[in-house]
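# Observations on chain architecture
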Amino acid sequence: MDLGVRWKLHGDGKVPAPGAVVRPDERLSWPRTAGLGAQHVVAMFGASFVAPVLMGLDPNLAIMMSGVATVIFLLATRGRVPSYLGCSLSFVGVAAVIRAQGGTSATVTGAVLVVGVALFLVGLAVQRFGARIIHAAMPPVVTGAVVMLIGFNLAPVTASTYWPQDQWTALLVMLFTGLAVVCLRGFWSRIAIFLGLVFGYVLSWALDRIFGKIHSVDGSGKLTDHWRLDFSAVGRADWVGLPTFHGPSFEWSAILVALPVVIALIAENAGHVKAVGEMTGDNLDDRLGTAISADGIGSVLSTAVGGPPNTTYSENIGVMAATRVYSTAAYWAAAGFALLFGLCPKFGAVVAAIPGGVLGGITVILYGMIGLLGAQIWINAKVDLRNPLNLVPAAAGIIIGVGNVSLEFTDTFSLSGIALGTLVVITGYHALRAFAPAHLKTQQPLLDEGTSSYDAESEGGGAGDGGDGEGGAQRARS
């Protein structure tokens, strides 16, 4: 059985020829491959380390399990889809909501584990029936709205938890990170979040030396005098050791809050497979279901031992685009480095010491970017928001999700925020579509149009694709 762990040496193993690319089944010399693997780890530093901290989970375990998930993904896709699986930011809002309801870390990981199982089952369904089932259930107007409300639901976390801890540091970190994202080029722009964290560390250290302790709320919400940057836990941490493990706990209220995020993960995976296929020139349509299932398995294993969920990372797509090296050998090297980092508790303590004000500046941009990815889905799919069939369910669901509107069924069961907003968008769209006049139902573009070849080959479309029919096939061919 070919597991995609054999690579041909590309040229002389040093530098690709002008215009040439290193394909997934090729590699450069092992020292250069190791260097590229380290570069991939650095590329995912920002989000993959910030996410577990924001979720209240062990960053050491997060990085270790990201390496495990990456290995699983590479084996499952037989080395055809180069990708690194890092901690998913889509669950940060879910974790905040669950903890606000009194949930523990075990409750968070238990809810997310169920999402991983759901993602795995979706992947199996896509392998069996094709990507059409995704497009039929979740057209772009639905997917975009759900991703948007998930991101914007996080705004109160920044406003009430991180920013008040050190507002001036937060402001300066926000400005620096924004400049880094916009002004830097190539690889450096891909690690702008990480650079913002480094800037925040240095700034907090300097302010402590110049002005002393700050009088503000700390991480627990208590108004007190405290250092902006506290490295006391770093000194107590060991250089080598295992991260902290814990088992999951399952509660229906938490699971219902987390389940809508599966929509964002499906969209992320579909977009990733499409992007990699376009860069490598390979038709990866037959790998979409496998990629989704592999992501689900990786998340299940990670959350089963107390880690965060994982997903494909666009930061690493940027590294591949900049280097034109798509070798999966580099990702095996990256996974190895991640496992080693996970065995260094002192490294995790440094990550956990990120000052609250720094997180305030970072999350202002990060959370907004997550939400606006939903708008990007609408733009790419040319969703017409002048059409009330699209506008009404999206508008209602987003306001419910962002405003954290609650619907109480009994004294012990209610739906609110992300869960209720997602339910309104999905059920509202399909219910309204069932009663809408024919002229409102014409031409619904497909999610990630072009991800799967069926939209180019279909001769007449089908009822499930929103009436796209030959128009969708024609657009795909053009």
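For the structure, check the block above.
Quick caveat, the model's predicted, so the values are computed rather than measured.

Our focus in this paragraph is the overall build of the protein. Counting its regular elements, the protein contains 23 helices and eight strands. Counting the 478 residues in the protein, one finds 53% classified as buried. The long-range fraction of contacts in the protein, counting pairs at least 24 apart against all pairs at least 6 apart in sequence, stands at 77%. Per element, the accessible surface of the protein, about 20100 Å² overall, is 65% carbon and sulfur.

Attention now goes to helix H4 (residues 92–100). For H4, the complete set of buried residues consists of Val92, Gly93, Val94, Ala95, Val97 and Ile98. Residue glycine 102 follows H4 closely and has a positive phi angle near 95 degrees.

To continue, consider a nonpolar patch on the surface. On the surface, a cluster of nonpolar side chains totalling about 300 Å² of accessible area is made up of Leu385, Leu391, Val392 and Leu432. Relative to the assigned elements, valine 392 resides in helix H20 (residues 388–403).

Glancing now at the side chain of threonine 33. On the secondary structure map, threonine 33 appears in helix H1 (residues 30–43). Sequence-distant contacts of threonine 33, defined by excluding residues within four places in its chain, comprise Arg27, Leu28, Ala329, Ala330 and Ala333.

This next bit is on the nonpolar core. Among the nonpolar cores identified, the biggest contains 96 residues, and Met55, Val92, Tyr367 and Trp378 are the most heavily contacted of them. Look past the residues within four positions of methionine 55 in its chain and what remains in contact with it is Cys87, Ser88, Phe91, Val92, Ala95, Arg99, Val108, Pro308 and Pro309. Judged by nonpolar contacts, the second largest core, of five residues, contains Val22, Leu28, Leu36 and Ala330.

On to the packing of helix H9 (residues 167–183) against helix H11 (residues 192–211). One can describe the packing of H9 onto H11 by two numbers: an axis separation of 9 Å at closest approach and a directional angle of 150 degrees. By crossing handedness, the relation of H9 to H11 is classed as right-handed. Of the residues in H11, those touching H9 at Thr169, Leu172, Val173, Phe176, Thr177, Ala180 and Val181 are Ala192, Ile193, Leu195, Gly196, Phe199, Gly200, Leu203, Ser204 and Leu207. Broken down by class, the residue content of the contact of H9 with H11 amounts to eleven nonpolar, five polar and no charged.

Bringing the pattern of salt bridges into the picture now. Evaluated as defined, the whole model comprises six salt bridges. One salt bridge in this structure joins aspartate 25 and lysine 8, with 3.9 Å as the shortest N-O distance. Separated by 17 residues along the polypeptide, aspartate 25 in the loop between strand E1 (8–9) and strand E2 (26–27) and lysine 8 in strand E1 bring together distant segments of the chain. Each of Arg80, Asp286 and Arg287 takes part in salt bridges that share partners, so that together they form one network.

We now examine unusual backbone geometry. Positive phi values are uncommon outside glycine, yet arginine 78 reaches one of about 55 degrees. Here arginine 78 is to be found in the loop between helix H3 (59–76) and strand E3 (85–87). At asparagine 404, a residue that is not glycine, the phi angle is positive and equals roughly 55 degrees. If you trace the backbone, asparagine 404 turns up in the loop between H20 and strand E7 (406–408).

The rules behind these values
- Residues numbered from 1 in each chain as written.
- Predicted model: local features only at pLDDT ≥ 70, side-chain atom pairs only at ≥ 80, totals over all residues.
- Heavy atoms only, no water.
- Helix = DSSP H or I, 4+ residues; strand = E, 2+ residues; numbered from the N terminus.
- Buried < 20%, exposed > 50% of the residue type's maximum accessible area, 1.4 Å probe, protein only.
- Contact = heavy atoms within 4.5 Å.
- Areas by Shrake-Rupley, 256 points an atom, 1.4 Å probe, with all protein chains shown as cover.
- Patch = residues over 30% accessible without salt bridge, like charges linked within 9 Å, V, L, I, M, F, W, Y side chains within 5 Å.
- Salt bridge = Lys/Arg side-chain N within 4 Å of Asp/Glu carboxyl O.
- Core = buried A, V, L, I, M, F, W, Y, C linked by side-chain atoms within 4.5 Å.
- Axes fitted to C-alpha atoms, helices over the stretch in contact; angles between N-to-C directions.
- Left-handed = near helix turned anticlockwise from the far one by under 90°.
- Nonpolar A, V, L, I, M, F, W, Y, C, P; charged D, E, K, R; others polar.

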